[in-house]
Amino acid sequence: MAEGYDLKVEKNKIKNVKSLYKTIEKELDKISIFEILDNETQFDILSECVDKSIAATGLLKNMTDHVASENIENYCIESEKSLTMSKEGNLYKFVLNDLLPQRRLIKNSKDQIRYGSFKNYLSIGYREGLEEYLVQNDIIPFKDKVLACFINYYNESSELIDLDNLDQKPFIDICVSRVLVPDDSPTYISHLMLGQKSSGRSHTEVYIGNSSEIFELLKTLNITF
């Protein structure tokens, strides 16, 4: 057993994992038992299950690495961040590991339509990247209205996705609203979605700040719009 191994702590992790899976089972029962649930409700239930499943998997990986580790001092809980945050002049820059998620079309029992994505799933990676920046840097929220410019880079060999099918809401809700601006209403922020071919990987980069400064930056980046 690795030095520093705390059996009480590990038992508590096992208890939490079992609790998470029980919650998932109960949530899925709502769908299998109550078949009249509309698509919107089913989507919310499944999204919650995804969130709980990721949390349980993280705890299991945590325990596995802990037991296998010969040097407990090098052991820590890790979750994969899905963006990197930095500041360039007065602009905040976010480089996402991938493209923004695609919107999913959902219809409920009344044939009402809404779009959404797995926000709970995305929030984990987005929040990891944000918190990594906050550990080393202070953020001073903008006082004036800002522009959120999304530059979606497509690899030359990859399939193009319509920009209106990409969902920026999870990113805005987690990384911008009540972080860089008071809220995400049009009073404080506008959005600009751009697409650009690239020889590198497909991913999204986001700039937040004064619109004039962003437009000047786009000129230096040779972004067409």
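Further up the page is the structure itself.
For the structure given in this document, a descriptive report is provided here. (Residues numbered from 1 in each chain as written. Predicted model: local features only at pLDDT ≥ 70, side-chain atom pairs only at ≥ 80, totals over all residues. Heavy atoms only, no water.)

**A few points about the overall build of the protein chain**
Quick reminder of the rule: Every helix listed is a DSSP run of H or I at least four residues long, and every strand listed is a run of E at least two residues long, numbered separately from the N terminus. Whether two residues are in contact is decided by their heavy atoms: any pair within 4.5 Å suffices. For the area figures, the Shrake-Rupley method with a 1.4 Å probe applies, and any residue is considered shielded solely by the protein chains shown.
When you go through the protein chain residue by residue, the secondary structure sums to five helices and seven strands. Secondary structure elements of the protein chain, listed N to C terminal, follow the sequence α-α-β-β-β-β-α-β-α-β-β-α. The contacts of the protein chain with a sequence gap of at least 6 include a subset with a gap of at least 24, amounting to 77%. Entry remark: accessible area of the protein chain is about 13,900 Å², with carbon and sulfur atoms responsible for 50%.

**Examining unusual backbone geometry**
To keep things clear, this is the line we draw: Partly exposed describes any residue whose relative accessible area lies between the buried limit of under 20% and the exposed limit of over 50%, with all areas from a 1.4 Å probe on protein chains only and scaled to the type maximum.
Phi at arginine 178 takes a positive value of approximately 65°, unusual for a residue other than glycine. Within the secondary structure layout, arginine 178 lies in the loop between helix H4 (169-176) and strand S6 (189-198). Positive phi is not limited to glycine here, since asparagine 222 has a value of about 55°. Summarising the element assignment, asparagine 222 is placed in the segment after helix H5 (211-220). Take asparagine 222: its relative accessible area is 60%, and that puts it in the exposed class.

**Here's the deal with the sheet that holds strand S1 (residues 83-88)**
The following threshold applies: Between any two strands, pairing holds if DSSP finds at least two bridges. Interaxial angles span 0 to 180 degrees and are taken between N-to-C directions of axes, which are lines fitted to C-alpha atoms, for helices over the stretch in contact.
Judged by pairing direction, the sheet is mixed, and its five strands sit side by side in the order S1-S2-S7-S5-S6 without closing on themselves. Either end of the sheet is taken by a strand with one partner, and the two such strands are S1 and S6. Across the sheet, the mean angle from the axis of one strand to that of its neighbour is 20°, orientation sign disregarded. Direction of pairing for S1 relative to strand S2 (residues 91-96): antiparallel, over a ladder of six bridges.

**A short note on the nonpolar core**
Condition: Definition used in this section: a nonpolar core is a set of buried Ala, Val, Leu, Ile, Met, Phe, Trp, Tyr and Cys residues joined via side-chain atoms within 4.5 Å.
Counting 29 residues, the largest nonpolar core has Tyr92, Phe94, Phe171, Val176, Leu180 and Ile208 as the members making the most contacts within it. No other element matches H4, which puts five residues into this core.

**A closer look at the packing of aromatic side chains**
Ring pairs (aromatic) are described by centroid distance and by the angle formed between their planes. Where we set the bar: Ring pairs are drawn from Phe, Tyr and Trp, using the six-membered ring of Trp, whenever the two centres fall within 6.5 Å, and their geometry is named by plane angle: stacked under 30 degrees, edge-to-face over 60, tilted for the rest.
The final tally for this structure, using the stated rule, is five aromatic pairs. With a centroid separation of 6.4 Å and 85° between ring planes, the pair formed by tyrosine 92 and tyrosine 133 is classed as edge-to-face. Placement of tyrosine 92 in strand S2 and of tyrosine 133 in helix H3 (residues 119-136) is noted, with a sequence separation of 41 residues between them. The same class applies to tyrosine 92 as to tyrosine 133, namely buried. Linked through ring pairs, Phe94, Tyr126, Phe150 and Phe171 together constitute an aromatic cluster.

**Points about the side chain of histidine 203**
Put simply, the rule is: Any pair of nitrogen or oxygen atoms within 3.5 Å is treated as a polar contact; in protein, a donor-acceptor pairing is required on top of that, and neighbouring residues in sequence qualify only through side-chain atoms on both sides.
Tracing the sequence through the fold places histidine 203 in strand S7 (residues 203-209). At 2.9 Å, the side chain of histidine 203 forms a polar contact with the side chain of glutamate 205. Apart from the residues within four sequence positions on either side, histidine 203 is in contact with Val95, Leu96, Asn97, Asp98, Leu99, Ile151, Asn152 and Tyr153.

**Side note on the pattern of salt bridges**
Side-chain pairing between opposite charges can occur once the charged atoms of the two side chains come close. Let me state the cut-off plainly: Any carboxyl oxygen of Asp or Glu within 4 Å of a side-chain nitrogen of Lys or Arg constitutes a salt bridge here.
Tallying each qualifying case throughout the model produces six salt bridges. Taking the shortest distance from any N to any O, the salt bridge between glutamate 132 and lysine 81 comes out at 2.6 Å. Placement of the pair is glutamate 132 in helix H3 and lysine 81 in the loop between helix H2 (39-68) and S1, with a sequence separation of 51 residues. Here lysine 81 falls in the partly exposed class, since its relative accessible area comes to 28%.

**So, H5**
For the record, the criterion: Directions from the helix axis toward the C-beta atoms define the arc.
Listing the buried residues of H5 in full gives Ile214, Leu217 and Leu218. When H5 is viewed along its axis, its buried side chains cluster within an angular range of 105° and face the same direction. Among the exposed residues of H5, those oriented more than 90 degrees off its buried face are Lys219 and Thr220. Its buried side turned inward, H5 meets S2, strand S5 (146-155), S6 and S7. Sitting at the head of H5, asparagine 210 places a side-chain oxygen 2.9 Å from the backbone nitrogen of serine 212. Two residues or fewer after H5 comes asparagine 222, characterised by a positive phi angle close to 55°.

**A word on the side chain of lysine 93**
If you trace the backbone, lysine 93 turns up in strand S2. According to the relative accessible area criterion, lysine 93 is buried, its value standing at 15%. Setting aside its immediate chain neighbours within four residues, lysine 93 contacts Thr84, Met85, Ser86, Glu88, Glu205, Val206 and Tyr207.

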